[in-house]
Amino acid sequence: MSKTAIELQDVVFRWPGAGQFQLSVPSLQIAAGERVFLSGMSGSGKSTLLALVCGITRPDKGTVSLMGHDLSAMKSRARDRARAQNIGIIFQSFNLMPYATAVDNVLLPLDFAPDRRELVVQRGAPLEEAHRLLDALKVGAEDRDRPARNLSVGQQQRVAAARALIGKPGLIVADEPTSSLDKDTERLFMDLLFAQIEEAGSSLLFVSHDTSLAPRFDRSISLSEISRSGNST
Amino acid sequence: MIRLALKSLRARWPTALLAILAIALSTILFLGVERMRSAARDSFAGTISGTDLIVGARSGGIQLLLYSVFRIGNATNNVSMDSISLIEKNPNTKWLVPLSLGDSHRGFRVLGTNRAYFERYRYRDKRELAFDQGQEFNDLFDAVVGSQVAESLGYRVGDPIVVAHGLGRVSFAKHEDTPFTVSGVLAPTGTPVDRTVHVSLEAIEAIHVDWQSGGPKPGAATPVERIRAMDLTPTQVTAALVGVKSRARIFGLQRAINTYDKEPLLAILPGATLQELWGLIGTAERVLLFISAMVVVTALLGMVTMVLATLNERRREMAILRSLGAGPATVAGMLALEAGALTLVGVVVGTFATTLITVSAAGWVDANYGIALTQFLPNTHEILIMAAIVLFGILASLLPAWRAYRLSLADGMTVRV
């Protein structure tokens, strides 16, 4: 595995037709296994940066590398595959298919990422791995087979974490995953997430505006430090 | 992926079920109309067979066919017995069955004919008339009733019946004193024969002994014994069915009759005139088919509307799939798959239901409408129609799929709702 999880170089991006908004990131690196806290005001281009890192969009200029693969040189299907393969994503909310069970939600990424499935299968049945992750994230056995919509918000976020972690992707991207949780649930979530990321050996890019969480991370960066965004001239 | 699509569909089962139901119902309608259409056409064309020519007074070919075979409408004029004998004696004529119409019995038409009728009349691929009970008429006051007449009036062999002059269900002038006896009941044929009372030509004359210029003669009715003693040889009939000795002679005989200069006559080929008549009815048939095709289109539109309407609430679902690495084409494909599956299930359910309905209703339809539903499984034509419906469903699903593609391209992983 390469030493850097993410590397952005001279990136310039502008949403098509979205007025004058522009994001430029001269340089950003996240090492393999590194846990990075990224803070930024809303509207500072956090979503745009994540879209670039995850290969949803391609920079107008510069390069974005993910696990040593140059995303900016790939076609959209290849970027989709790279995302499936290398990234586990946790959103702020609405992470799960509401009608599918917790276990089915956890297993879902494997449908898109054959290498991750391969890795899971080598260690046993995918279902066992899903159960193991759900156990580790304190989703009780009685809740595994319940539809996701019947779980509490805290449980839903932990199921989402299990889904991001299955098959040990190189990078976990978390976009304000605790903002809908209260302090106790947040602490539980962070503890469990960190433990599992440790075990999986993944890097973590954690986006939040709540800087009180920052001390837990290897490194804390502010989007305004590494980028210039706003209206271009 | 397919499992997920099915789960997503199952989560929205009430709307999905309605969409399937609409497609199934429209398939039933479409296939049903299609089957009734071909069955009606077959039954219609099978009303008369084995007869080469129908002869009547000069009028329209369709009119002659309608009153002589379908018992619809009336003859404008009669044919003299002299002309009938001449045709019968023509060297090309193999057989001739005279028909005399114009009377009714409790709403059913009375047909005067001779015994050759039961031997010569054929329907549906040269099937012969068969007796359920009894036999042909032998006595002057014997009557043979069709199956539907017997059923709806409860007649059995030996029952007395009264034949009225004129048509209509309630006749003022009933020939109370010329009572007939049922001598035979015919087996069901699915043709107008079932709704006909058959008597001899002489019996028709007997009914009219006491009638003069369309009204009853004043004075006492003629006693039955005196009627029996009379010469009841008919002087005219309404029409005649003719068989020729060789099929090559049909046109020659037809021309000879049509150009006969002593009396204006008309001879028609039943098959050709049936086609002509069907051509008239066919317009309604095509309209019916068009309407049922529109119903299918409506059902498919409803299904697409349903998929489109759920699209917005499923943007999150689509964003999750995108975040997991599904391409926008995969997301669009899932929607197309969903619409295609709904259509397929609807069509299959509809086809099964159509088969079930035709199997269970075949007897009833045949008995009541004389339409034989003989086809239960879909034929190649119908399979093509079904395939076309499914194809159209998938085609229509491209609309929501395209919307989903655009949305998931624009949304990416974040939903800006």
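Residues numbered from 1 in each chain as written. Chains lettered and ligands numbered in written order. Predicted model: local features only at pLDDT ≥ 70, side-chain atom pairs only at ≥ 80, totals over all residues. Heavy atoms only, no water.

## Quick notes on the overall build of chain A
Logical step 1: Of regular secondary structure, chain A possesses eight helices and ten strands.
Logical step 2: Principal-axis analysis of the C-alpha atoms gives chain A an extent of 55 × 35 × 35 Å.
Logical step 3: In chain A, which comprises 233 residues, the share counted as buried stands at 57%.
Logical step 4: Relative to all contacts within chain A whose residues are 6 or more apart in sequence, the contacts with residues 24 or more apart total 75%.
Logical step 5: When the accessible surface of chain A is summed, it comes to about 10,000 Å², and 49% of that surface belongs to carbon and sulfur atoms.
Logical step 6: A distance of 5 Å separates the average location of the 27 positive side-chain charges in chain A from that of its 27 negative side-chain charges. (Helix = DSSP H or I, 4+ residues; strand = E, 2+ residues; numbered from the N terminus. Buried < 20%, exposed > 50% of the residue type's maximum accessible area, 1.4 Å probe, protein only. Contact = heavy atoms within 4.5 Å. Areas by Shrake-Rupley, 256 points an atom, 1.4 Å probe, with all protein chains shown as cover. Lys, Arg positive; Asp, Glu negative; His and termini not counted. Charge placed at Lys NZ, Arg CZ, Asp CG, Glu CD.)

## So, the packing of aromatic side chains
Logical step 1: Evaluation of the coordinates by the stated rule reveals eleven aromatic pairs over all chains.
Logical step 2: Aromatic pair Y117 of chain B and F118 of chain B: ring centres 5.7 Å apart, planes at 85°, arrangement edge-to-face. Take Y117 of chain B and F118 of chain B: they sit in the same class, and that class is buried.
Logical step 3: By way of ring pairs, the aromatic residues Y117, F118, Y121, F131 and F137 of chain B are connected into one cluster.
Logical step 4: Sitting over the face of the ring of F194 of chain A, R216 of chain A holds its NZ or CZ atom 5.4 Å from the ring centroid. (Phe/Tyr/Trp six-rings, centres within 6.5 Å; stacked < 30°, edge-to-face > 60°. Lys NZ or Arg CZ within 6 Å of the ring centre and 35° of its normal.)

## Observations regarding the pattern of salt bridges
Residues and elements named next belong to chain A.
Logical step 1: All chains considered together, the criterion is met by 22 salt bridges over all chains.
Logical step 2: Residues R144 and D135 are paired through a salt bridge, measuring 3.2 Å at the closest nitrogen-oxygen approach.
Logical step 3: A residue is classified by how much of its surface remains accessible, and R144, at 14% relative accessible area, is buried.
Logical step 4: A salt bridge links K183 to D210; the shortest N-O distance between them is 3.5 Å. A residue pair is termed long-range when its members are at least 10 positions apart, and K183 in helix 7 (residues 183-200) and D210 in the loop between strand 8 (203-207) and strand 9 (219-222) qualify at 27 residues.
Logical step 5: Taking the relative accessible area as the measure of exposure, K183 reaches 51% and is therefore exposed. (Salt bridge = Lys/Arg side-chain N within 4 Å of Asp/Glu carboxyl O.)

## A short note on a nonpolar patch on the surface
Residues and elements named next belong to chain B.
Logical step 1: Nonpolar side chains collect at one region of the surface, where L29, V287, F290, I291, M294 and V295 lie side by side and expose about 510 Å² of accessible area between them.
Logical step 2: Here the nonpolar patch takes five residues from helix 10 (residues 270-311), the largest share from any one element.
Logical step 3: Mapped onto the secondary structure, V295 falls in helix 10. (Patch = residues over 30% accessible without salt bridge, like charges linked within 9 Å, V, L, I, M, F, W, Y side chains within 5 Å.)

## Describing the interface of chain B and chain A
The figure often quoted for interface size is the accessible area lost as the parts come together.
Logical step 1: On the chain A side, the residues contacting the 20 residues of chain B number 20 residues.
Logical step 2: Taking both sides of the interface into account, the surface hidden between chain B and chain A amounts to around 2,000 Å²; carbon and sulfur atoms contribute 68%.
Logical step 3: Taken together, the links from chain B to chain A amount to one salt bridge.
Logical step 4: The shortest N-O distance in the salt bridge between D80 of chain A and R322 of chain B comes to 3.1 Å.
Logical step 5: Applying the counting rule to chain B against chain A returns three residue pairs in polar contact (both at pLDDT 80 or more).
Logical step 6: Of all the elements in the fold, those that place two or more residues in the side of chain B that touches chain A are helix 1 (2-11), helix 11 (315-323) and helix 12 (328-369) of chain B.
Logical step 7: Take the side of chain B that touches chain A: its biggest share by element is six residues, from helix 11 of chain B. (Buried area = accessible area lost by both parts, 1.4 Å probe. Polar contact = N/O pair within 3.5 Å; in protein donor to acceptor, adjacent residues only side chain to side chain.)

## A look at helix 10 of chain B
Logical step 1: End to end, helix 10 of chain B covers 60 Å across 42 residues, agreeing with the expected 62 Å (1.5 Å per residue, within 8%).
Logical step 2: Maximal helix bending in helix 10 of chain B amounts to about 40°, located at I281 of chain B. (Expected span 1.5 Å × (residues − 1). Bend = angle between axes of the 7 residues up to and from the residue.)

## Concerning unusual backbone geometry
Logical step 1: Notably, K168 of chain A is not glycine yet its phi reads approximately 45°, a positive angle.
Logical step 2: Tracing the backbone shows K168 of chain A in the loop between helix 6 (153-165) and strand 7 (171-175).
Logical step 3: Of note in the backbone geometry, R71 of chain B takes a positive phi value of approximately 55° without being a glycine.
Logical step 4: For R71 of chain B, a relative accessible area of 10% puts it in the buried group.

## So, the domain arrangement of chain B
Residue and element names in this part refer to chain B.
Logical step 1: Assigned domains of chain B: these are domain 1 (2-44 + 284-411) and domain 2 (53-268).
Logical step 2: Averaged C-alpha coordinates put domain 1 and domain 2 at centres separated by 52 Å.
Logical step 3: Facing the six residues of domain 1 at the interface are four residues of domain 2.
Logical step 4: Around 390 Å² of area is buried between domain 1 and domain 2 when both sides are counted, 48% of it from carbon and sulfur atoms. (Domains from an automatic or database assignment.)

## Quick word on the side chain of T51 of chain B
Residue and element names in this part refer to chain B.
Logical step 1: With respect to the helices and strands, T51 occurs in the loop between helix 2 (13-45) and strand 1 (53-57).
Logical step 2: Under the relative-accessibility criterion, T51 is labelled buried at 9%.
Logical step 3: When residues no more than four places from it in sequence are discounted, the contact partners of T51 are W95, L241, V242 and P270.

## Quick look at the sheet that holds strand 6 (residues 87-90) of chain A
Residues and elements named next belong to chain A.
Logical step 1: Pairing within the open sheet is parallel, and its five strands lie in the order 6-7-8-3-9. In this open sheet, the two strands that pair with only one neighbour each are strand 6 and strand 9. For this sheet the average axis-to-axis angle between neighbouring strands, irrespective of direction, equals 15°.
Logical step 2: Bridge count for strand 3 (residues 35-39) against strand 8 is four bridges, and the pairing is parallel. (Pairing = 2+ DSSP bridges. Axes fitted to C-alpha atoms, helices over the stretch in contact; angles between N-to-C directions.)

## As for the nonpolar core
Logical step 1: The biggest cluster of nonpolar side chains holds 42 residues, and the ones touching the most others in it are M97 of chain A together with L4, M303, L321 and L342 of chain B.
Logical step 2: Mapped onto this core, the elements with two or more residues apiece are helix 1, helix 2, helix 10, helix 11, helix 12 and helix 13 (380-411) of chain B.
Logical step 3: It is helix 10 of chain B that contributes the most residues to this core, eight residues altogether.
Logical step 4: Within the second largest apolar cluster, 38 residues are counted, among which are L107, A200, L213 and F217 of chain A. (Core = buried A, V, L, I, M, F, W, Y, C linked by side-chain atoms within 4.5 Å.)

## Quick word on the pairing of strand 3 of chain A
All names here are of chain A.
Logical step 1: Within strand 3, five of the five residues are buried, leaving the element largely enclosed by the surrounding structure.
Logical step 2: Alternating positions in strand 3 separate into two faces, R35, F37 and S39 on one and V36 and L38 on the other, with burial throughout.
Logical step 3: Pairing of strand 3 with strand 9, which is carried by four bridges, proceeds in the parallel orientation. Paired with L38 across the two strands is I221, which belongs to strand 9.

## Description of the environment of D70 of chain A
Residue and element names in this part refer to chain A.
Logical step 1: The residue D70 is located in strand 5 (residues 69-70) in this model.
Logical step 2: Classification of D70 by relative accessible area gives partly exposed; the value is 31%.
Logical step 3: For the pair D70 and L204, spaced 134 residues apart in sequence, the C-alpha separation works out to 19 Å.
Logical step 4: Sequence-distant contacts of D70, that is, excluding residues within four places in its chain, are made with T63, V64 and S65.
Logical step 5: Polar contacts involving the side chain of D70 include one to the side chain of S72, which spans 2.4 Å.

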